[in-house]
Amino acid sequence: MILEKYSFGIGDRFGRQAKAQLAALIKAKQQGLEITPVWNKSYREHTIIGTKPADTRKEADQAVAACGWDGPYFVDADHIALMNVDQFIEASDFFTLDVADFIGRPVAESDIARFVKKHSKYIGTLEIAGIGRRLKFGREQVEAIATKFLSAVMQAGKIYRHIRRARGADNFIIEVSMDETDQPQTPVELFFVLSAIADEGIPAQTIAPKFAGRFNKGVDYVGDVTRFAKQFEADLAVVSFAIKEFGLPRNLKLSIHSGSDKFSIYGPINKALKKFDAGLHLKTAGTTWLEELTGLAMAGGDGLDIAKKVYAKAISRIDELASPYATVIDIDRAKLPAPADVDKWDGLKFASALRHDQSSRDYNPNFRQLLHIAYKIAAEMGQRYLKALAKYEVIIAQNVTENIYERHIRPIFIA
Ligand SMILES: [Zn+2]
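Just so it is clear, the model here is predicted, and its values are computed rather than measured.

1. Considerations on the packing of aromatic side chains
Taken as a whole and judged by the stated rule, the model has 27 aromatic pairs. Between F211 and F232 the ring centres are 6.0 Å apart and the planes differ by 50 degrees, which places this aromatic pair in the tilted class. Taken together, the positions of F211 in the loop between β8 (206–208) and α7 (225–246) and F232 in helix α7 put the pair 21 residues apart, joining distant regions of the chain. By the burial criterion, F211 is buried, and F232 matches it.

Structure below.
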């Protein structure tokens, strides 16, 4: 299985928006732009919501049939590890191997020595087309990189071989993700990580490094945009070099996680993809759930009532909701509106506070981030929430499609 040049991760918490999501990609196709949809859902999400990987597969298959989508599509077992991969094996054909927890774990001295010896020809200076400067590193640095990353890559190898035994070779796409960690990886580290991936025989088609800056859930990038642009271009150059150098899959590309809403870096990403003629996989995890809430608020009536209830409960359970997301949200609690005030808002006001429109005076990133992590509350509402999604399907679908196409696909891939 080969992943196409451009692909887009469309997470869907409640599994009701696949058609509306696909509509955005159909719109892109009508403009001559082929983007492969990938429905991704992590073990964490399935657990919180109470869904199963088979539900994601069913949702994707049904949407593809209903919309007459004749292109490729995939179902991604997102951020899986050896201990939970088994329940995804049948329903998924894309596996994101999350080995961030294994970064820095001890490995045998002999493994490190073998790695350094095998790659000793790179020690010194390395010229990679497209970077514009020579990468310099000594033996100690290569040793340090091996010490830090070998365990993670070896773990990825274990998970990959486990899946291959169950599904057979070439029957699935592999992504290696190292994004959920504190330290961003440098282009030199990425270079050696890719060499280790090749040594392990993992046919990775996407790699998700941790980039510099903060990729908070549902809000804009926080960090130095110029620095990001430089790193992103250097990473693209490294990937392209590593493919030839290490014999990795020719379509290997970068994957950006928590990629939704990072409006300030979409311009540099667009430019870099064109400059390097490179592909990209972009994951937009929680965006669709926020569009559901926006649509419900705009619908008024029971829809608005549900949106307000979710917010009121989220405020009262903020610590519980925030704890699994501590490293990927920054909520200034002093700037959260009081639930009693929100209760007086009309649907437009609620939608304007929530919708990520930085030019709007009503937009409140703290309000948005809290709601981003509050999907557990909607899940607890059960049928009441799901019935409202069905009742207000049209207005919600408009928001879902517009958000993906106008605010994401257009600036990243078209501009
Ligand atoms: Zn991720």
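Still to come is the rest of the account.
2. Structural notes on the nonpolar core
F95, F232, F350 and I409 are the most contacted members of the largest nonpolar core, which has 132 residues in total. In terms of residue count, helix α5 (residues 139–167) provides more of this core than any other element does, 11 residues in total. Setting aside anything within four residues of it in sequence, one finds F350 in contact with A297, L304, A307, K308, Y311, V342, W345, F367 and L371. Counting 5 residues, the second-largest nonpolar core is a separate cluster that includes L3, V38, F74 and I173.

3. Description of the side chain of D220
Here D220 is to be found in the loop between β8 and α7. It is K262 that comes nearest to the buried, bridge-free D220 among opposite-charge side chains, at 6.6 Å. Among the polar contacts made by the side chain of D220, one reaches the main-chain amide nitrogen of S264 at a distance of 3.1 Å. A distance of 3.0 Å separates polar atoms of two side chains, one belonging to D220 and the other to Q358. Those residues within four positions of D220 in sequence are excluded, and the remaining contacts are D261, K262, F263, S264, H356 and Q358.

4. What to know about the coordination of the zinc ion
Within the protein, the zinc ion binds to H79 (NE2), D179 (OD) and H257 (ND1); these donor distances fall in the range 2.0 to 2.7 Å. When the donors of the zinc ion are listed by position in the chain, the intervening gaps give H-x99-D-x77-H. Here the residue D179 occupies a position in the loop between β7 (173–177) and α6 (187–199), and H257 occupies one in the loop between β9 (253–256) and α8 (263–276), the gap between them amounting to 78 residues. With a relative accessible area of 14%, D179 lands in the buried category. According to the relative accessible area criterion, H257 is buried, its value standing at 7%.

Rules used in this analysis
Residues numbered from 1 in each chain as written. Predicted model: local features only at pLDDT ≥ 70, side-chain atom pairs only at ≥ 80, totals over all residues. Heavy atoms only, no water. Phe/Tyr/Trp six-rings, centres within 6.5 Å; stacked < 30°, edge-to-face > 60°. Helix = DSSP H or I, 4+ residues; strand = E, 2+ residues; numbered from the N terminus. Buried < 20%, exposed > 50% of the residue type's maximum accessible area, 1.4 Å probe, protein only. Core = buried A, V, L, I, M, F, W, Y, C linked by side-chain atoms within 4.5 Å. Contact = heavy atoms within 4.5 Å. Lys, Arg positive; Asp, Glu negative; His and termini not counted. Salt bridge = Lys/Arg side-chain N within 4 Å of Asp/Glu carboxyl O. Polar contact = N/O pair within 3.5 Å; in protein donor to acceptor, adjacent residues only side chain to side chain. Donors = N, O, S within 2.8 Å, 3.2 Å for Na, K, Ca; no water.

Limitation: the analysis is restricted to geometry and does not speak to function.
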